[in-house]
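# Examining the three-dimensional arrangement
Here are the chains, one letter per residue:
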Amino acid sequence: MHDFFDFLGRFWWLVFPIGGMAGGWARSWSRATEERHRRKVELYKLKNQLAVHEEANQAEVVALMAAHDAVNRKWLDYELDVGNLIDFPLMTDVREPPTVAFLRAKKEADGLRPAAAEEITTPARLAEYRAAVHGFEVAFDVAEREARRIKDGKFTGPERQRLATARKLLRIAEDSAATPAERQTAYKRARKEIDGLIVLPEATVAALEGKIAGMLA
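Keep in mind it's a predicted model, so treat the numbers as computed, not measured.

### Let's talk about the overall build of the chain
Secondary structure summary: the chain contains eight helices and zero strands in total. For the chain, the sequential pattern of α-helices and β-strands runs α-α-α-α-α-α-α-α. Looking at the 217 residues of the chain, the share that counts as buried comes to 29%. Of all intrachain contacts in the chain linking residues separated by at least 6 positions in sequence, the fraction that spans at least 24 positions is 69%. As displayed, the chain has an accessible area near 14,200 Å², and 59% of this comes from carbon and sulfur atoms.

### As for the packing of aromatic side chains
Any aromatic ring pair is given by two values, namely how distant the centres are and how the planes are angled relative to each other. Summed over the entire model, instances satisfying the criterion amount to five aromatic pairs. By way of ring pairs, the aromatic residues Trp75, Tyr78, Phe88, Phe102, Phe136 and Phe140 are connected into one cluster. One Lys or Arg, Arg148, reaches over the ring of Phe88 and ends 4.4 Å from the middle of that ring.

### Things to note about the side chain of Asn72
With respect to the helices and strands, Asn72 occurs in helix 2 (residues 15-79). With sequence-adjacent residues up to four places away left out, Asn72 is seen in contact with Lys106, Asp110 and Phe136.

### A look at the pattern of salt bridges
Overall, the coordinates contain 11 salt bridges when judged by the stated rule. A salt bridge links Arg167 to Asp87; the shortest N-O distance between them is 3.6 Å. With Arg167 in helix 6 (residues 157-173) and Asp87 in helix 3 (residues 82-87), the pair connects residues that are 80 residues apart, well separated along the chain. Taking relative accessible area as the criterion, Arg167 reaches 21% and is therefore assigned partly exposed. Arg95 is paired through a salt bridge with Asp93; the nearest N and O atoms lie 2.9 Å apart. Overall, Arg95 belongs to the exposed group, its relative accessible area being 66%. For Asp93, a relative accessible area of 15% translates into the label buried.

### Side note on the environment of Ala115
Its place among the elements puts Ala115 in the loop between helix 4 (97-112) and helix 5 (123-150). Between the alpha carbons of Ala115 and Met65 there is a distance of 9.6 Å; along the sequence they are 50 residues apart.

About the criteria used
Residues numbered from 1 in each chain as written. Predicted model: local features only at pLDDT ≥ 70, side-chain atom pairs only at ≥ 80, totals over all residues. Heavy atoms only, no water. Helix = DSSP H or I, 4+ residues; strand = E, 2+ residues; numbered from the N terminus. Buried < 20%, exposed > 50% of the residue type's maximum accessible area, 1.4 Å probe, protein only. Contact = heavy atoms within 4.5 Å. Areas by Shrake-Rupley, 256 points an atom, 1.4 Å probe, with all protein chains shown as cover. Phe/Tyr/Trp six-rings, centres within 6.5 Å; stacked < 30°, edge-to-face > 60°. Lys NZ or Arg CZ within 6 Å of the ring centre and 35° of its normal. Salt bridge = Lys/Arg side-chain N within 4 Å of Asp/Glu carboxyl O.

Given below as structure tokens:
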């Protein structure tokens, strides 16, 4: 012990460099600890951002599917209602460019639609479906505006008269106050008036016949 204190007495000045070195080590350790903590915080934030981005993508897919459904419902208002098709025949006229463009856009969007939002997992797949839905919306809007602008303007006077007659006959066919025989006759006559003027989609004919058959029953 005496030797130790004798050493300190002779070499007391070593306290200062050793203390400085110890302080430097302490500061380096503190900085390293702070850096590790900062990296952990940044990594945590990055993981959260990725999770939020993934949720946002899924939310966008759900929104796109809802927009897709909305356009399909608008189309069904024509496809399942002969009256609407008589009033706006261009909606099913495949000789009209806007109608053709709409039907192509519908086919593309329907083909890219996922069964569930979770099926779209990549940005490229999402971008593809987004473009298809937006194209579908625009194409339908253009076709509908053109159909409503022209209405039956491309038909001759006698053809427009036939369409008007078919409209009246369909009202009788769907009238619950009419007798079954009157409804059946009116429906058959309406189909004859429409034949050659408007191409009725199979879904339209099935919906109309199902409606009338139900009323007759």
